[in-house]
Amino acid sequence: MKRWILGVVFASVLAWDGGTVAAAETGKVCAAPSALTRAGFALPRLARSLEKKEPTTILVVNSASTAKPPSTSDGGKAVARRSFPSYIEETLRARYPDGGVVVTTRSQPRATAEAMLADLPAMLAETKPALMIWQTGTYDAILGAETSTFSDAVGTGIRSARAAGADVILVSPQYSPRTALAFDIGAYTNAMRWTARLEGVPFFDRYAIMRFWEDDGVFDLDTARPSPTLFDDVHSCIGRLLVTMIVDGVDLRTLGSR
């Protein structure tokens, strides 16, 4: 029984990382409470890089599958699906055209936060980011890792990134109605929120945003008849809402805390 539940969980997680999901109600796309997109803490390293108009790298670290999302069809022509880092790059390049913003992704498939720590210094040394966006917690929740161990690992990762000259934004696990009852994401989301607060970094609560979408009818995340459009719509919204938080953090560096 446990093996069957884990199989469903992994399938659902992989669907968002690169599978097929349901259609969106386009009139409400990217709606989210503003409180969930405020940075709360400044991003001084990123702000300095953008102010100097020098090449600026943003590193996205996650535990997603390395498999590429399947393509969709546009009049018989294959169109590759896009994940949220590509939308971050596109939107930031338009906003800061002189900054040479590049978003690069490093995936550690099915890794806990603690497991990611071993490779994090090498990733940071290789990419030299001004900002690291760290998406973690999904597999800690699936495997039932101790939340104290998880919090300690997240804190260590944040400090490693700062020592390498990068700001940090934490991103919580996604919300899925099909897996919400299978394991307790809330405990890990709360651990991330408090760790982010203690370390003074922005926290992007993707779980709460996606839960809002489901409850408010923005997206149907629990349909039995998947459509090829929701993957792109959801990732577009996540990317653009993350940009809202990034810009807020840059502005906090410029204007001072609000």
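Heads up: the structure comes first, above all this text.
To keep things clear, this report deals only with the structure shown in the data block. (Residues numbered from 1 in each chain as written. Predicted model: local features only at pLDDT ≥ 70, side-chain atom pairs only at ≥ 80, totals over all residues. Heavy atoms only, no water.)

### Overview of the packing of aromatic side chains
Scanning the model with the defined rule gives one aromatic pair in all. Their ring planes at 75° and their centres at 5.5 Å tell us that Phe 150 and Tyr 188 sit as a pair that is edge-to-face. In this pair, Phe 150 sits in helix H7 (residues 147-163) while Tyr 188 sits in helix H8 (residues 185-199), placing the two residues 38 residues apart along the sequence. Judged by its relative accessible area of 6%, Tyr 188 is buried. Sitting above the plane of the Trp 194 ring, Arg 197 keeps its charged end 4.6 Å from the centroid. (Phe/Tyr/Trp six-rings, centres within 6.5 Å; stacked < 30°, edge-to-face > 60°. Helix = DSSP H or I, 4+ residues; strand = E, 2+ residues; numbered from the N terminus. Buried < 20%, exposed > 50% of the residue type's maximum accessible area, 1.4 Å probe, protein only. Lys NZ or Arg CZ within 6 Å of the ring centre and 35° of its normal.)

### Looking at the nonpolar core
Formed by 64 residues in total, the largest nonpolar core has its most connected members in Ile 169, Leu 170 and Ile 246. Counting residues per element, this core draws most heavily on helix H10 (residues 230-255), at eleven residues. With residues up to four places along the chain from it excluded, the contact list for Ile 246 reads Leu 43, Leu 46, Ile 88, Leu 92, Leu 131, Ile 133 and Ile 169. (Core = buried A, V, L, I, M, F, W, Y, C linked by side-chain atoms within 4.5 Å. Contact = heavy atoms within 4.5 Å.)

### Comments concerning helix H2 (residues 44-51)
Of the positions making up H2, those classed as buried are Leu 46, Ala 47, Ser 49 and Leu 50. Down the axis, H2 shows its buried residues gathered within 165° of arc, on one side only. Two residues or fewer after H2 comes Lys 53, characterised by a positive phi angle close to 55°. (Arc of directions from axis to C-beta.)

### Some details on the sheet that holds strand E4 (residues 101-107)
The five strands lie next to each other as E4-E1-E5-E6-E7, forming an open sheet whose pairing is parallel. Bordering the open sheet on either side are E4 and strand E7 (203-204), each of which pairs with just one other strand. Here five bridges tie strand E5 (residues 131-135) to strand E6 (residues 167-171), and the two strands are oriented parallel to one another. Across the sheet, the residue bridging to Leu 131 is Asp 167, located in E6. Against the sheet, helix H5 (residues 120-127) touches strand E1 (56-62), E4 and E5, its axis set at about 160° to E1. (Pairing = 2+ DSSP bridges. Axes fitted to C-alpha atoms, helices over the stretch in contact; angles between N-to-C directions.)

### Some remarks on the pairing of E1
When you tally the buried positions in E1, you get seven out of seven residues, the bulk of the element. Residues of E1 alternate between two faces, with Thr 56, Ile 58, Val 60 and Asn 62 on one and Thr 57, Leu 59 and Val 61 on the opposite face, all of them buried. Here E1 pairs with E4 via seven bridges, running parallel. Along E4, the bridge assignment pairs Thr 56 with Val 101. Judged from the four bridges that link them, E1 and E5 form a sheet pairing that is parallel. In the sheet register, Val 60 faces E5, and the bridge partner there is Ile 133.

### A look at the packing of H7 against H8
Where H7 meets H8, the axes come as close as 9 Å, and the angle between the chain directions of the two elements is 40°. With respect to H8, the axis of H7 lies oblique. Relative to H8, H7 is oriented so that their crossing is right-handed. Mapping the contact onto sequence places Thr 147, Phe 150, Ser 151, Val 154, Gly 155, Ile 158, Arg 159 and Arg 162 in H7 and Ala 187, Tyr 188, Ala 191, Met 192, Thr 195 and Glu 199 in H8. For the contact of H7 with H8, a count of residues per class yields seven nonpolar, four polar and three charged. (Parallel < 35°, antiparallel > 145°, perpendicular 65-115°, else oblique. Left-handed = near helix turned anticlockwise from the far one by under 90°. Nonpolar A, V, L, I, M, F, W, Y, C, P; charged D, E, K, R; others polar.)

### Examining the side chain of Thr 127
If you trace the backbone, Thr 127 turns up in helix H5. Among the polar contacts listed, one links the side chain of Thr 127 to the backbone oxygen of Met 123, at a separation of 2.8 Å. (Polar contact = N/O pair within 3.5 Å; in protein donor to acceptor, adjacent residues only side chain to side chain.)

### Structural notes on the pattern of salt bridges
Applying the stated criterion to the full structure yields seven salt bridges. Among the ionic pairs, Glu 90 bridges to Arg 240, the shortest N-O distance being 3.2 Å. Highlighted residues: Glu 90 in helix H3 (residues 84-95) and Arg 240 in helix H10, separated in sequence by 150 residues. For Asp 205, the salt bridge identified is with Arg 193, shortest N-O distance 2.6 Å. Placement of Asp 205 in the loop between E7 and helix H9 (206-216) and of Arg 193 in helix H8 is noted, with a sequence separation of twelve residues between them. (Salt bridge = Lys/Arg side-chain N within 4 Å of Asp/Glu carboxyl O.)

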